[in-house]
Amino acid sequence: MIVPYGNVLLLAIILFLLGAVCSISRRNLLMILIGVEIMLNAAGLAFVAASLKWRLLDGQAFVLFIFAVAASEVAVGLALIVYSQRRTGSLNADQYNQMKG
Amino acid sequence: MKTILFFLLFFPFVGGFILAVIGRYLPRRVAEWIACASVLGSLLMASLAFGAAGEKRYLLTLFDWIRVGDLSASMTVYYDHLAAIMALMVTFVSSLIHLYSVSFMRDDRDYVRYFCYMNLFVFSMLVITLADNLVFLYLGWEGVGFCSYILIGFWYSDVANATAGRKAFVLTRIGDVAFGIAIALFFLILDQLSIFSINSKAASLSAGTATLLALLLFWGAVGKSAQLPLIVWLPDAMAGPTPVSALIHAATMVTAGAYLLMRLFPVIALSSNAMVIIAAVAAFTGLFAALAALGQKDIKRILAYSTISQVSYMFLGIGAGDVTGGMYHLLSHAFFKALLFLGAGCVIQALHEEHDIFKMGNLRQRLPAVFWLYLVGSVSLAAIPPFGGFFSKDRILLSTFGHPEPIYKFLALIAEIGAVITVLYTFRMFFVAFLERPSLQEDFRKKDLKIPKFMVWINAPLAILAIFAASLNFPEVFGGKSWLAHYLASIPGGIPLSPASAPLERSMEIGSGLLNIAVLIAAYFLYRPEARFLGRPTPVVFRQRLEELLSSGFYLDRLYQVALVKPYQAMARILWLKVDEGVVDDQFDATANIFRFFSSGLQLWTTGRLSTYLKMLLLGFTAIVSALALGWYYLR
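Notes on the structure follow. (Residues numbered from 1 in each chain as written. Chains lettered and ligands numbered in written order. Predicted model: local features only at pLDDT ≥ 70, side-chain atom pairs only at ≥ 80, totals over all residues. Heavy atoms only, no water.)

With that out of the way, let us pick up the overall build of chain A. Helix and strand content of chain A: three helices and zero strands. For a compact globule of 101 residues, the expected C-alpha radius of gyration is about 13 Å, and chain A comes in at 17 Å, more than 25% above that figure. Structurally, chain A occupies a C-alpha span of about 50 × 25 × 25 Å along its principal axes. For chain A, with 101 residues in total, the buried portion stands at 29%. When contacts within chain A are restricted to residue pairs at least 6 apart in sequence, long-range pairs at least 24 apart make up 56% of them. Within the structure as shown, chain A displays about 6,700 Å² of accessible surface, and the carbon and sulfur contribution to it stands at 73%. (Helix = DSSP H or I, 4+ residues; strand = E, 2+ residues; numbered from the N terminus. Rg over C-alpha atoms; globule rule 2.2 N^0.38 Å. Buried < 20%, exposed > 50% of the residue type's maximum accessible area, 1.4 Å probe, protein only. Contact = heavy atoms within 4.5 Å. Areas by Shrake-Rupley, 256 points an atom, 1.4 Å probe, with all protein chains shown as cover.)

Below you can see the structure in the form of structure tokens.
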């Protein structure tokens, strides 16, 4: 491994935080979804790095699962977003407050 | 023979099936033709089977149905002379009534539903008629009950009709339970569900078991045939269309109870106690229903009570050990009662749904054809010699009277009184409805009375049979052949000759014939058009009370209402309000309230804003991961 393990982990952490901040601070549903995607990929990166570090293929297999989950999540999420846009005419997350208890 | 019986049984089923599946997409004429053709096909098969069978009896398995361990319920047919006669009668009357229905239902849009259920009814009735296996028979037994229920409530948009249907269903169910128990007992005790084997093994039953089985079977028959404790559903069942009343509630289904006892007569015959009970219940039912018929105003309710009363004569015949007499009366009753009902249907339709006989009148000139048909039916019902009803009823009275046990003399007397009242109520209905009455309002008399001619002349075969039913079994003391009695001699309990001695038979038949004619004349003076008390309210309180008593059927409905329905409702109310709502529901409410109390603080967090949730999610996730990391670090 050319790149030190710590550096990759640092990058993963930075990416994860970026994604988290993105999905929390933005109000647009699309941006929230992108934030979630970034977090998923950050986790994937950490897995790949760990897998190389410990010489175990399990981590890479997990990354494949994460790809699959991410893809399906995007498919469902985008469909929901399109539907929400049609229904309310807006993508502002704070508009969806019918669930208020 | 197997093919013939198979088609005899399944023609109506196929007809009903076709109508149920694609009936709505067929043109009206085609649907009606399918319905009629399937029943007519059955009639043809019944005649072929009758001709082909000759003196032989057939026990044929059509196919297996249920087979579990020792229990086998196969679709087995037992075709003996009793079944042959019954199958002929059922298919014949059903055919005529199907044809009549085409006319009767000409303005009804729900004809597919109607004909579908009618066909299914005929199928179920034929199953009862032919089935050898008791479970198979039970299928038909419940089938006719279901079709009866659905056809009573045919015009379900009127709540009263639907209620009448439910009432009939629930009350017949009371009887069916006993029949079900009897079937289970047969299987337990004899290891047999086949009527043929049960009858041949019946002698091995002990007296007590036989009494129990006979009474259970009788109780089942009581429900189906509306005998004394379970009378009340039949008069209400008149809410259905008139051809339905004619087919189901006069000619076929209500006689199924009597037919069942005839089929299993060897079991009944083992227990003289059960026979006495059957005969006693029958005799009292006959008198009871005849009296109640005397107080009715609705033409169909009169006929309904009269059906109850006539069916009870069949049971009396069975109770007296004279299956032939019972079957003979079943046949002649089927013909004249179907005729009367179909005639009443003509009258009711011609008078625009008028059921009250006191609002009819003058029908002799307005519907002359119906007048004559109805007259034939009436004299037959009233057992005026030489019409069919006379010989059949008299044979039953005679065998009751001739029974060696003394109590039967008393029962015969009661039945004879019932027969006299039959003449009275029949001709009360006939004279009031058909003769001209000046007191009738003019506007009603001028109304247009138009019914299709077909509806009238389709009754002619029934009228002919009602007239000539006597020749089926003309007693030998009067030089007859007793054809039916000889034909039925091969079935268990069939007695070719009436048990009484010839002089007794002759004197009794002449005596009761003359008595009936005398009562007929008396009825004319009582109910003739000029009779003074007709058409105006009577001032005497006693008479009013009496009329009320009779017209309500001796308050039997009210008794059941007070004694059974009200307590049941009160119990259900207590269970509902006190137990279900008071204990069970309140308990859950209290539990829920506790949770609500504790969750009222958390409620503030649910802002409904997605961003807040996400923040909380991240916060919570961070907290958990930190806790795990700390724990891992310190506890390692």
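Continuing now.
Helix and strand content of chain B: 27 helices and two strands. Summarising its shape, the C-alpha atoms of chain B cover approximately 120 × 65 × 55 Å along the three principal directions. A separation threshold of at least 6 residues defines the contact pool for chain B, and within that pool the share at least 24 residues apart is 81%. Accessible area of chain B: about 26,900 Å², with a carbon and sulfur share of 69%. With 48 positive and 38 negative side-chain charges, chain B shows a separation of 5 Å between the mean positions of the two kinds. (Lys, Arg positive; Asp, Glu negative; His and termini not counted. Charge placed at Lys NZ, Arg CZ, Asp CG, Glu CD.)

Attention now moves to the interface of chain A and chain B. The interface of chain A with chain B comprises twelve residues on the first partner and ten residues on the second. The junction of chain A with chain B conceals about 1,000 Å² of combined surface from both sides, 64% of it contributed by carbon and sulfur atoms. Across the contact surface, chain A and chain B share zero salt bridges. Seen at the junction of chain A and chain B, the total is zero residue pairs in polar contact (both at pLDDT 80 or more). Contributions of two or more residues to the side of chain A that touches chain B are made by α1 (5–25) and α2 (29–54) of chain A. Residue contributions to the side of chain A that touches chain B peak at three residues, all from α1(A). A breakdown of the residues in the side of chain A that touches chain B according to their chemical character gives six nonpolar, three polar and three charged. (Buried area = accessible area lost by both parts, 1.4 Å probe. Salt bridge = Lys/Arg side-chain N within 4 Å of Asp/Glu carboxyl O. Polar contact = N/O pair within 3.5 Å; in protein donor to acceptor, adjacent residues only side chain to side chain. Nonpolar A, V, L, I, M, F, W, Y, C, P; charged D, E, K, R; others polar.)

Now for the packing of helix α17 (residues 368–381) of chain B against helix α22 (residues 460–472) of chain B. All names here are of chain B. Where α17 meets α22, the closest approach of the two axes is 9 Å, and the angle between their N-to-C directions is 35 degrees. Classified by chirality, the crossing of α22 by α17 is left-handed. Together, L373, V376 and S380 of α17 and A460, A463, A466 and I467 of α22 make up the contact between the two elements. Partitioned by chemical class, the residues of the contact of α17 with α22 number six nonpolar, one polar and no charged. (Axes fitted to C-alpha atoms, helices over the stretch in contact; angles between N-to-C directions. Left-handed = near helix turned anticlockwise from the far one by under 90°.)

On to the pattern of salt bridges. Residue and element names in this part refer to chain B. Taken as a whole and assessed by the stated rule, the structure comprises nine salt bridges over all chains. Residue R28 pairs with E32 through a salt bridge whose shortest N-O separation is 3.0 Å. Taken together, the positions of R28 and E32, both in helix α2 (residues 28–53) and four residues apart, correspond to about one turn of that helix. R28 sits in the partly exposed class, given a relative accessible area of 26%. The exposure class assigned to E32 is buried, which follows from its relative accessible area of 4%. Note that R113 is salt-bridged to D110, the shortest N-O span being 2.9 Å. Ionic contacts of the salt-bridge type, sharing partners, join the residues R28, R29 and E32 into one network.

The next subject is the side chain of B:N119. Among the secondary structure elements, B:N119 is positioned in helix α4 (residues 111–130). Among residues more than four places away in sequence, those in contact with B:N119 are B:P12, B:G15, B:G16, B:L19, B:I34, B:A35, B:S38, B:V39 and B:H98.

This brings us to the packing of aromatic side chains. All names here are of chain B. The full count for this structure, using the stated rule, is 31 aromatic pairs over all chains. Plain terms: the ring middles of F6 and F7 are 5.8 Å apart, the flat faces sit at 75 degrees to each other, and that makes the pair edge-to-face. For F6, a relative accessible area of 30% corresponds to the partly exposed category. Ring centres of F371 and F430 lie 5.5 Å apart, and the angle between their planes is 35 degrees; this geometry places the pair in the tilted category. (Phe/Tyr/Trp six-rings, centres within 6.5 Å; stacked < 30°, edge-to-face > 60°.)

A cluster of nonpolar side chains, namely B:F13, B:V14, B:F17, B:V21, B:I22 and B:Y25, defines an oily patch on the protein surface of about 610 Å² accessible area. By the secondary structure assignment, B:V21 is in helix α1 (residues 2–22). (Patch = residues over 30% accessible without salt bridge, like charges linked within 9 Å, V, L, I, M, F, W, Y side chains within 5 Å.)

Okay, a negative patch on the surface next. Together, B:D580, B:E581, B:D585, B:D586 and B:D589 line one region of the surface with negative charge. Topologically, B:D586 is positioned in helix α26 (residues 556–599).

The next subject is the nonpolar core. By size, the foremost hydrophobic cluster in this structure holds 213 residues, and its most contacted members are B:L9 and B:L134. The leading source of residues in this core is helix α15 (residues 323–350) of chain B, at 18 residues. In contact with B:L134, not counting residues within four places along its chain, are B:F179, B:I183, B:F186, B:L193, B:I195, B:I198 and B:L264. Counting residues in each nonpolar core, the second largest holds seven residues, with A:L29, A:I32, A:I81 and B:L614 among its members. (Core = buried A, V, L, I, M, F, W, Y, C linked by side-chain atoms within 4.5 Å.)

Further remarks concern the environment of B:K450. Residue and element names in this part refer to chain B. Residue placement: K450 occurs in the loop between α20 (442–446) and α21 (453–457). Under the relative-accessibility criterion, K450 is labelled exposed at 65%. C-alpha separation for the pair K450 and A350, spaced 100 residues apart in sequence, amounts to 5.6 Å.

Time to look at the side chain of B:H403. Along the chain, B:H403 turns up in the loop between α18 (388–401) and α19 (407–434). The residues contacting B:H403, other than those within four sequence positions of it, are B:A320, B:Y408 and B:K409.

Interpretation in functional terms is not warranted from these geometric data alone.
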